[in-house]
Amino acid sequence: MAKKKSKSKKKKSKQSSGGPSTNSSAAAADQKVQGDRDSQDMQFDSSKPMEDTHSGSDSEADARIDVVEEDDDGMVIDIEVDEDDYDGEDDVGGDDDDNVQDMEEDAVSDDEGNNNESGSNSVPPIPFMDTFYSLSSDSSSERTVAAHCLIRHCFPSSPSSSSTTTASSIQAKDAAYALRRLMAGLCSGRAGARQGFASALASFLKVAFATSVEDEEGSGERVLAIQLIQKQLAGGSDENEEEMPEEGDSDVDGDADALSPAEFVRKLLISETTPSQPTKRGAEERDYVFGRLFGIMAVVRSGTLSRKDVPLEVVRGYASNLVSLFQHKKWMREPSAHGIMELLSSLHDLPSPGEKTNCFFAVAEEIVSGILRSPKGNMAWSTIAPCLNAEQIGMCLHIQTLASASGSASELPEPLNTPLLTPENITVVSTTLRDTSAVVSPRCHLVWNAIWLYLTENVAEGEKKQGKTEKENTFLSPKQALRRSLPVGSTSGEDVIKAIVDEVIVKSLLGIGCGGNTTHERRTLALSLVQALCGASRPRIGLSPSLIENVVLQSSIVERLFVDVVQTASGGRSSRAEHTLKPRTLHVLNSVVDAIVSDRADEDNMKTRLALAKSFARAEPRFHAISKTDTIVSLLVVDSKGATAGILNDYVVFLERLICASAPHKAVGYVNAMLTIGKKAVRSDNDDAEGINIAESILCFLLVGAFFDLSGLSEPKTKDKKSKKRQKGRPVSIVAQRIITESNGAFPYQLRAAMSSCFFSYLADVVSIVPTSLSSSGEGSTTTKSKRAVAAHDLINFVVCACDELEEKGAALYSDSSDITASYNEDDEDVPTPPKDALQAMENMLQITSKHDEAVSNAVIACSSLLSALYLQLLSSGKPDGVSDDEEMMNEDPDDTEEMNDEIKEMISDVIDIAKSLFLVVTDNDEARGGGENAEGKETPLAGFAELCINILSSSVGGDVGKKTTRGGAAKLIRDCVKNAWSLVLPYAHYDKGIHVDQDIMAVLVESVCGSSAMLDEMEDEEEDDEEEDTGMGSGGEESDNDGVFMAANVADLNLNASDDENSIENDKLGYEDESDDEDVELDQEQVSNLLLEDSDTEGGADVLEHHAGADKALAKLIKMKQEARKAGKLALERIEIASRMRCVVLLELALSSNAPLEDGAVLLAILPLLRARRSLEKVVLSSLSLSGGKKATGLSEKRALMDRISSLLQKRVCKSRLNGISSLAGEELRAARDARAELAARVMDEAKKSLSQSHSDCCSLSLILIMKSLPQDEGNAIAIAKSVYCDAIKQWSSSKSSKLKTSILHDLIVRSPSLARVVLAEPLTDAAENARSAFLKAESFRLLSDLYHVARTDDSQLVDTGMASLQRSAGKFASSLSSAAQDSDIAKAKRARELLKAATELVAFSSAHCQNDADLWDQLEHFAGLLKDFGDGSNSPAINTKCKSIVEMVAEGSKARLGETSGKAAKKSSAGGSKKKKKKGKR
């Protein structure tokens, strides 16, 4: 029976994997799903994943053997054979390039399951014959289950239960059949057959060699299960004699009993993987070759070769077979080399040292004799190395590594006893190593893993040799460190790394320095090698930081591999695609950073981080911008405290040296890189003090390099009284000395200008984000605002002190310092205070006020910050190198810098003067505390300070328009200081000085936001005055170009300024542009001709002057150029004005949101100008959008932004202000306040009627409600004014077709002031509901009335009862309007009918609760109910019909309740009368 099975299997397995028929497969599937999983105990756990493999795809078009990081020796092997490398003459096709990874997964799962005897898990059984078909599945899990079921069938008993295992418990016949078929299936290229059969074979052999049973003959001796299988196969010698030949070997079946089990398995494997007859097909040849390789690897991984009874000749035979496969074809080299290396590794791990050494060296000699053949007989590396291929290099290095681990490297055969990997030999084999780039990325050739293992050792082992213990809590620390001594020879590992980088990566792969070319494949290999050397791949290599910085990531490598690839290659043109390797390069870059960042932040890790950051920055200053990643920031900014400050300081010093040593254009990039890391340092979550220290170091470097000439720097000879103040700027001395050492004390102008811009930008950014916990003198500050102001003052004062320190030591400013330090005559009041004196005066004021309360000291500190920030604006980077004063005047306007400096000095003088008047109560006389105005009637100091802040923000100093490039973020710094000063001076002025934000101060603030003409009462008068002014200017006076031809053109009534008509004048004042300027200029030819002739020429005769034909065109062109220039200038001025107004909004916001209370008049004063300004801006925006056809007009975004800010200011600040009201006033004051509010309400309602959008209407509505709440809630005040405003508005809204009033005006009043709304709106809305001009307005009226009669909405006003009475009076008229509407066909529409029914519901509910005694009202409601019934019956909407019936029922119930209540009262009254009569009779 066994013979027949073996023979039939032999015929099938040569062609396929021997799968069953379709019906059998379906039955197996059913059994797999429905089988009892718990019927039998499990011996093999197939659910566990393989431990020594990495993930891979079964369907890859290559054959691969993967052993990734085995636990014993840490070896990493990854092999792949491509069809492109196949050099056979015949076609190679099919599914032959299979991955053995699945084989490993299946084998290990079965091996682990073999040791699991708990039987806790179960697998659905598969019939024995069907398992072979499932082994060829593409699914690794299905193959694992199939292998488990096959082995479970052949070996039902566990190997550990040998005491009870008998021969009958082993299915010897089926096992013999399975062994032969598993070996034959290795040669199948179907699906995943090769992986599945190989993994099953490995597990099968492991169990067969581990299971011992009693002999069948009953002798009591125990034999291995493999021996029983061997006997079963030996029984068919006659039939199978010719099927198992091998070179020089006898047939297996005939002499099976004389062979050892290991030798029997080898001969059977060779027989099954040898074709029965020679074949010429390349695909069939490849199947058998790979089948033999997979079979040998299955035997090795089964562990059977590690048994003591395995003859050495068997192991040598396997080695010989692998050598033959290696020499078979070129495409078999790498897979065979993998097999050889794994065989050597398994022999190296033998438990017995003697056997380990003998087997290992025997196999090594076999391999050396087979793969290393010197053509001249000389076995020196100098002769052999040029002829070696990459696989031979890898195997030799692997042998040397394993021999060194056992301490017997010197006993290796020649030439392995001498070092192969030396700098000299690397130069020779660099071309061979370069050619390994043909391997498909991301996998590397096996030679590189062999090289890394040769150069490195396990970190724990290295520390153990030195008597050190392994570090605790290490996370992702490198497993491999560079060896101090290499396995063979005395060559340094660092020298070998340098040689590999220089010869292989730089020259061979990247073609740098040798004139060679590079390819994408070579760059990809170079990326993989750099990734490995940086410790970002497996195995993780831990090189020293200096080696990484100076060798692995040298500038040429970073530029060629990273910078040239990831930077934008299209140059802004979408037609050019980015580099092909960009995704791969970014992946490598991120993996390198992640590997370092995820490691523990110890000292070694910090040095590695710094080394990587230096390498990237040195190669490209703008690495962040080019790569669009946070690579350097991620490396340097560490989350843990205490570890980041050191590397940040070192990195900043590194950048400083690069700036000093680089050309100006490259140094600018390093300056920007310094700013990037400086901002991240301040914003990080680390210790705040560390970030500020970094910021101070950067500011000192930028300050010294941009503004000071250090050629005369020296230490001061004496110390003055201000030495304590100067101590803060001490770091600047170190920076100055470093600059002198590196760059001779001065930078070129191009670099100074860039450093100046970066200085102001960085200072502004740090001031805005400076942590509040770092305020030196603000420990007692209770608010974040005051703490931030104090911290900002400390930083700005630090910079000012650094300037003073440098000047004391002899450093010269590039700017003219005469104006800064000049003295002045105290008797001359017109001369401003010099900046130096102002700083000294402010410092004295700080010392005095530091002893007072917090509000005073914080306000003085904020003013001091503002003064110091203005002082820093006087710094300059000088003039360009080699440019004379005359050339500078020709290139730039000489008045710009001088005018700006004069403006800054005046501001500084104004700051110190106003500060003295504000803080006079503290500094001079405690009894000088006063109110809003002093005795002389001058404006209050707070008003002066407000004007000063507005002037600063409106000037070029506080704005970004027209600023010089060297100022950078100076304007932002000034704006932040102004904001801090204004926010802290406001509470001080109120609580300490008694100065409130009155109407004068509010008027100044409102004008800064809304424009200079915002406070005018009548817009018409303003437009007329401006029209007269513009007309006068148009006819002469301002423009000198009006002489000559232009003057004559004006006299001749030629329209030179086409936009200066009446409409344009009005448009200019309203704030929007006149698009007529864009039209072409049309001139009367006769007028132009007469204009070109002088009077004398005309009188003398027509032939005196010849007229040129092109004169009129030239004149028209000249006129048009003038108009375009005028329009461009007008637009520029308009943008400057809009930007200035936008910056001043913050002052008004702070004044309205301050904790200090405001006067009611000041708040109300701001309403109307803000509304007018908003409407004017909105008109401009809408007009520009309509005229531009949807395109974005010039300056439109700025106007829209200002409009939105004003809207927010009105809705969130003005209208939410808490007013005191006028209840405390009496007599004329009360009457005047009431009239003023009435007039304001009327004007706000006029603005609401002109609304262009819902947003503007909402602003008007909230403003009206604020005004009403500021009035006493009685008949003579709030009610009277509200009726005068809202009643007229409702009448116009319901009757006038041109009305722009939005319904939200009325709805907001109902929602926010329901009691007042019921008193005021009930009657006019009922009139509108009945008499409105359209059905839509009637429906809107009903909607408002339903909200009005919704009495659940109420407030705490004293008008609650008055409002209810007003609703009761209007209820009858409301019911009458409902009846009229129910008969109106236009209201019958569903959308409008819903409003009618909702209003009716609210009225009936209100009447039932509050109007039970009103008989007339209920009569009208009953009449309406009858109409409503017909209304519902005539509607096509079921919902409306249902609602109508519900309302009719409500009216009926209300009427019934009212009648019941009336009859009850009458009965009670009659009973009361009868009792009285009885009492009278009783008395009689």
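Calculation criteria
Residues numbered from 1 in each chain as written. Predicted model: local features only at pLDDT ≥ 70, side-chain atom pairs only at ≥ 80, totals over all residues. Heavy atoms only, no water. Helix = DSSP H or I, 4+ residues; strand = E, 2+ residues; numbered from the N terminus. Buried < 20%, exposed > 50% of the residue type's maximum accessible area, 1.4 Å probe, protein only. Contact = heavy atoms within 4.5 Å. Areas by Shrake-Rupley, 256 points an atom, 1.4 Å probe, with all protein chains shown as cover. Expected span 1.5 Å × (residues − 1). Axes fitted to C-alpha atoms, helices over the stretch in contact; angles between N-to-C directions. Parallel < 35°, antiparallel > 145°, perpendicular 65-115°, else oblique. Nonpolar A, V, L, I, M, F, W, Y, C, P; charged D, E, K, R; others polar. Phe/Tyr/Trp six-rings, centres within 6.5 Å; stacked < 30°, edge-to-face > 60°. Lys NZ or Arg CZ within 6 Å of the ring centre and 35° of its normal. Salt bridge = Lys/Arg side-chain N within 4 Å of Asp/Glu carboxyl O. Patch = residues over 30% accessible without salt bridge, like charges linked within 9 Å, V, L, I, M, F, W, Y side chains within 5 Å. Lys, Arg positive; Asp, Glu negative; His and termini not counted. Charge placed at Lys NZ, Arg CZ, Asp CG, Glu CD. Pairing = 2+ DSSP bridges. Core = buried A, V, L, I, M, F, W, Y, C linked by side-chain atoms within 4.5 Å. Disulfide = S-S within 2.5 Å. pLDDT = per-residue confidence, 0-100.

Some points on the overall build of the protein
- Across its full length, the protein holds 62 helices and 11 strands.
- Taken across its 1484 residues, the protein has 52% of its residues classed as buried.
- Taking the contacts inside the protein whose residues are at least 6 apart along the sequence as the reference set, 76% of them involve residues at least 24 apart.
- Per element, the accessible surface of the protein, about 66400 Å² overall, is 47% carbon and sulfur.

Looking at helix 54 (residues 1254-1269)
- The first and last C-alpha atoms of helix 54 sit 23 Å apart over 16 residues, in line with the 22 Å expected at 1.5 Å per residue.
- By the criterion of burial, helix 54 is predominantly enclosed, with 12 of the 16 residues buried.
- Taken as a whole, helix 54 has its buried residues at H1256, S1257, C1259, C1260, S1261, L1262, S1263, L1264, I1265, L1266, I1267 and M1268.

With respect to the packing of helix 6 (residues 172-185) against helix 8 (residues 225-234)
- With their axes 9 Å apart at the nearest point, helix 6 and helix 8 run at an angle of 80° to one another. By the angle between their directions, the pair helix 6 and helix 8 is classed as roughly perpendicular. Residues A172, K173, A175, A176, L179 and R180 of helix 6 lie in contact with helix 8, whose contacting residues are I226, L228, I229, Q232 and L233.
- Here the residues of the contact of helix 6 with helix 8 sort into eight nonpolar, one polar and two charged.

A closer look at the packing of aromatic side chains
- In this structure the tally under the stated criterion is 19 aromatic pairs.
- On the basis of an interplanar angle of 85° and a centroid distance of 5.5 Å, the ring pair of F360 and F361 is categorised as edge-to-face. Neither F360 nor F361 differs from the other in exposure class; each is buried.
- Ring centres of F945 and W982 lie 6.2 Å apart, and the angle between their planes is 15°; this geometry places the pair in the stacked category. With a gap of 37 residues between them, F945 in helix 41 (residues 941-954) and W982 in helix 42 (residues 970-991) connect regions that are remote in the sequence. Of the two residues, F945 and W982, both sit in the buried class.
- A connected cluster of aromatic rings, assembled from ring pairs, spans F1342, Y1349, F1374 and F1406.
- When the ring centre of F294 is taken as reference, the NZ or CZ atom of R194 above it lies at 5.8 Å.
- Stacked on the ring of Y814, the Lys or Arg R752 has its end atom at 4.1 Å from the ring centre.

Side note on the pattern of salt bridges
- What the rule picks out here adds up to 29 salt bridges.
- A salt bridge links K679 to D765; the shortest N-O distance between them is 3.0 Å. Within this pair, whereas K679 is found in helix 29 (residues 664-683), its partner D765 is found in helix 33 (residues 749-769), the two being separated by 86 residues in sequence.
- Owing to a relative accessible area of 24%, K679 belongs among the partly exposed residues under this scheme.
- Among the charged side chains, a network of salt bridges with common partners joins K679, D765, K972 and D976.

Structural notes on a positive patch on the surface
- Residues K1212, R1213, K1216, K1269 and R1312 make up a contiguous surface patch of positive charge.
- By secondary structure assignment, the location of R1213 is in helix 52 (residues 1196-1214).
- Classification of R1213 as partly exposed rests on a relative accessible area of 32%.

Some thoughts on the sheet that holds strand 8 (residues 480-482)
- Reading across the sheet, the three strands line up as 7-8-9 and stay open at both edges, with mixed pairing between neighbours. Each edge of the open sheet carries a strand with a single partner, namely strand 7 (456-458) and strand 9 (541-542).
- Here strand 8 pairs with strand 9 via two bridges, running parallel. Each residue of the ladder has a partner; that of Q480, found in strand 9, is I541.
- Sheet strands touched by helix 18 (residues 446-455): strand 7, strand 8 and strand 9. Its angle to strand 7, the strand with the most contacts, is close to 70°.

Remarks on helix 41
- With 14 residues, helix 41 extends 20 Å between its outermost C-alpha atoms, agreeing within 8% with the 20 Å of an ideal straight helix rising 1.5 Å per residue.
- Taking burial as the measure, the 14 residues of helix 41 include 10 buried ones, the bulk of the element.
- Turning to helix 41, its buried residues number three or more, namely L942, A943, G944, F945, A946, L948, C949, I950, I952 and L953.

Comments concerning the nonpolar core
- Grouped together as the largest cluster of nonpolar side chains are 398 residues, with contacts concentrated most on L179, F204, W448, L455, W982, Y1286 and L1321.
- Setting aside residues up to four positions removed in sequence, L1321 forms contacts with Y1286, I1290, L1306, L1309, I1310 and L1348.

Here's the deal with the side chain of E391
- Looking at where E391 falls in the secondary structure, it is placed in helix 16 (residues 390-405).
- At 4.8 Å, R333 is the nearest oppositely charged side chain to E391, a buried residue that forms no salt bridge.
- Contacts of E391, omitting those with residues within four sequence positions, involve F326, R333, E334, A337 and H445.

Some remarks on the environment of Q227
- In this fold, Q227 is placed in helix 8.
- Under the relative-accessibility criterion, Q227 is labelled partly exposed at 27%.
- Counting along the chain gives 35 residues from Q227 to A262, while the straight-line C-alpha distance between them is 9.9 Å.

Looking at the packing of helix 56 (residues 1304-1312) against helix 58 (residues 1335-1348)
- Relative orientation of the contacting elements helix 56 and helix 58 amounts to 10°, with a least axis distance of 10 Å. Looking at the two axes, helix 56 sits roughly parallel to helix 58. Contacts between helix 56 and helix 58 involve L1306, H1307 and I1310 from the former and R1343, L1344, D1347 and L1348 from the latter.

Things to note about the environment of P487
- Looking at the secondary structure, you find P487 in the loop between strand 8 and helix 20 (493-509).
- Residue classification places P487 among the buried residues on the basis of a relative accessible area of 11%.
- Counting along the chain gives 83 residues from P487 to S404, while the straight-line C-alpha distance between them is 5.1 Å.
- In contact with P487, not counting residues within four places along its chain, are Q400, T401, S404, A409 and Y454.

Side note on the side chain of S134
- Following the sequence through the fold, S134 ends up in helix 4 (residues 128-134).
- Residues in contact with S134, not counting those within four places in the same chain, are I126, E142, R143 and A146.

A closer look at the state of the cysteines
- Evaluation of the coordinates by the stated rule reveals zero disulfides.
- Unpaired in this structure, C863 has its nearest cysteine sulfur neighbour in C949, at a distance of 8.0 Å.
- Distance from the sulfur of C1260, which forms no disulfide, to the nearest cysteine sulfur (C1259) is 6.8 Å.

Focus: the confidence of the model for the protein
- Taken residue by residue, the protein gives an average pLDDT of 76. The fraction at 70 or more is 71%.
- The least confident element of the protein, judged by mean pLDDT, is strand 3 (residues 76-78) at 30; the most confident is helix 22 (residues 545-552) at 94.
- Confidence drops under a pLDDT of 50 for residues 1-121, and excluding neighbours within four residues, the segment shows 303 contacts in the predicted structure.
- When the criterion is pLDDT under 50, residues 1476-1484 qualifies, and its contacts beyond four places in sequence or with other chains add up to zero contacts.

Looking at unusual backbone geometry
- Between E414 and the following residue, P415, the backbone shows a cis peptide bond with an omega angle of 5°.
- You can see P415 is positioned in the loop between helix 16 and helix 17 (423-434).
- Looking along the chain, the bond that leaves R538 and enters P539 is cis, with omega of 0°.
- Note on placement: P539 falls in the loop between helix 21 (520-533) and strand 9.
- The phi torsion at A191 lies on the positive side, around 45°, for a residue other than glycine.
- If you check the backbone angles, K628 has positive phi at about 55° while not being a glycine.
- Mapped onto the fold, K628 is located in the loop between helix 26 (623-627) and helix 27 (631-636).

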